[in-house]
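# Residue-level structural notes
Chain residues, written in single-letter form:
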Amino acid sequence: MIQKIQKYFFYFMLYSIIGWVYEVFLEVVIYRWGFSNRGVLFGPYCVIYGVGALILIFSLGWLQKKRICIGGISVTPLLVFLGVVIVTTVTELIGSYIMEFTTGDWMWDYTRFAFNFQGRIALNPSIRFGIGGMIFLYVLQPVFVKISEKLKPGTFNAITGIMGVVFAVDVVCYLVK
């Protein structure tokens, strides 16, 4: 059981870091707004991406493994894509309300996008998250599973232990600031 928790924590941290890199890349390279820490905490991670990744693993992993066909054509990837869009959009909406409740505001504003709801969610980012979720589920997650399984138990324990301590210290520092 502890090993499973460690693996999911490992995935959570990796996706939180990837999310932070993605957000900073968009801000600096694509939009040319300049650098800012895109996470809520001090470290280079966006927790909502880690949480979203775990939610996708738990909610859509079973669907990804099924083969659902219509007229001999597999529609499983389409169903997974739609599931990712729905799950990530709902996660982002709930995340915005949690951030607003805890900090007084949320970190994004989608009012410039068509088909947005209160600037919290919008069709364009939801489609991007759907594409990203497909890359995550079909490309990255299998690689991360292989990495976590190939590491020696002691090495994996050390890596997740260090990640856990760094993350816990970051959370404590954030809370007492």
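One can find the structure itself at the top, above this paragraph.
Fair warning: this is a prediction, and the values are worked out from it, not measured in the lab. (Residues numbered from 1 in each chain as written. Predicted model: local features only at pLDDT ≥ 70, side-chain atom pairs only at ≥ 80, totals over all residues. Heavy atoms only, no water.)

## A closer look at the packing of helix H1 (residues 2-30) against helix H5 (residues 153-176)
As a reminder, the rule being used: Interaxial angle, 0 to 180 degrees, is taken between N-to-C directions of lines fitted to C-alpha atoms, where a helix line uses only the stretch in contact. Helix and strand definitions follow DSSP, with helices as H or I runs of at least four residues and strands as E runs of at least two, each counted in order from the N terminus. Here is the rule for angles: anything less than 35 degrees is roughly parallel, anything more than 145 is roughly antiparallel, 65 through 115 is roughly perpendicular, and the remaining ranges are oblique. By convention, the crossing between two helices is left-handed when the near helix turns anticlockwise from the far helix through less than a right angle, and right-handed when the turn is clockwise. Any two residues whose heavy atoms approach within 4.5 Å at even a single point are treated as in contact. Under the convention adopted here, Pro, Cys and the residues Ala, Val, Leu, Ile, Met, Phe, Trp and Tyr are nonpolar, Asp, Glu, Lys and Arg are charged, and Gly plus all remaining residues are polar.
Running from N to C, H1 and H5 cross one another at 60°; their axes reach a closest spacing of 10 Å. Taken together, the axis directions place H1 and H5 in an arrangement best described as oblique. The hand of the H1/H5 crossing is left-handed. Only Phe156, Asn157, Ile159, Thr160, Met163, Gly164 and Phe167 of H5 make contact with H1, whose side of the interface consists of Gln6, Lys7, Phe9, Phe10, Phe12, Met13 and Leu14. Each residue belonging to the contact of H1 with H5 can be placed in one class, and the counts come to nine nonpolar, four polar and one charged.

## Points about the environment of Ser126
Rules: Pairing of N or O atoms within 3.5 Å defines a polar contact, subject to two protein rules: one partner must be a possible hydrogen donor and the other a possible acceptor, and residues neighboring in sequence count only if both atoms are side-chain atoms.
Along the chain, Ser126 turns up in helix H4 (residues 123-150). Once the C-alpha coordinates of Ser126 and Leu82 are considered, the two residues, 44 residues apart in sequence, prove to be 10.0 Å apart. The residues touching Ser126, leaving out its near neighbours within four places in the chain, are Val85 and Thr89. Engagement of the side chain of Ser126 in a polar contact is seen with the side chain of Thr89, the distance being 2.7 Å.

## Observations concerning the pattern of salt bridges
Rules: Here, a salt bridge means any Lys or Arg side-chain nitrogen found within 4 Å of an Asp or Glu carboxyl oxygen. Type-normalised accessible area, obtained with a 1.4 Å probe on protein chains alone, sets the label of each residue: buried when under 20%, exposed when over 50%, and partly exposed for intermediate values.
For the coordinates displayed, the defined rule picks out one salt bridge. We note a salt bridge from Glu100 to Arg120, for which the minimum N-O separation is 2.5 Å. Of the two residues, Glu100 sits in helix H3 (residues 76-103) while Arg120 sits in the loop between strand E3 (116-117) and strand E4 (121-122), which places them 20 residues apart along the sequence. Taking relative accessible area as the criterion, Arg120 reaches 5% and is therefore assigned buried.

## Focus on H3
Threshold: Multiplying one less than the number of residues by 1.5 Å gives the expected span of a helix.
The end-to-end C-alpha distance of H3, which contains 28 residues, comes to 39 Å, matching closely the 40 Å that a straight helix rising 1.5 Å per residue would cover. Note on H3: the residue one or two positions beyond its end, Gly104, has a positive phi of about 95°.

## Observations regarding the packing of H3 against H4
Two elements in contact, H3 and H4, have axes separated by 8 Å at closest approach and are oriented at 120°. As the angle between them shows, H3 and H4 are arranged oblique. At the point where H3 passes H4, the crossing takes the right-handed sense. Of the residues in H4, those in contact with Thr76, Pro77, Val80, Phe81, Val84, Val85, Thr88, Thr89 and Glu92 of H3 are Ser126, Ile127, Phe129, Gly130, Ile131, Gly133, Met134, Leu137 and Tyr138.

## Brief notes about the packing of aromatic side chains
The test is simple: Centres within 6.5 Å make a pair out of two Phe, Tyr or Trp rings, where for Trp the six-membered ring is used; the pair is then stacked when the planes are under 30 degrees apart, edge-to-face when over 60, and tilted otherwise. Consider the ring centre and the ring normal. A charge sits over the ring if Lys NZ or Arg CZ is within 6 Å of that centre and within 35 degrees of that normal.
Across all of its chains, the model carries 13 aromatic pairs by this definition. Geometrically, the ring pair formed by Tyr15 and Phe136 is edge-to-face, given 4.5 Å between the ring centres and 85° between the ring planes. Of the two residues, Tyr15 sits in helix H1 while Phe136 sits in helix H4, which places them 121 residues apart along the sequence. Assessed through its relative accessible area of 5%, Tyr15 is described here as buried. A residue is classified by how much of its surface remains accessible, and Phe136, at 5% relative accessible area, is buried. Centre to centre, the rings of Tyr22 and Tyr49 are 6.1 Å apart; their planes meet at 70°, and the pair counts as edge-to-face. Taken together, the positions of Tyr22 in helix H1 and Tyr49 in helix H2 (residues 47-65) put the pair 27 residues apart, joining distant regions of the chain. One aromatic cluster is present, formed by Tyr8, Phe10, Tyr11, Phe58 and Phe156 through successive ring pairs. The ring of Trp106 has Arg120 lying over it, and the distance from NZ or CZ to the ring centre is 3.9 Å.

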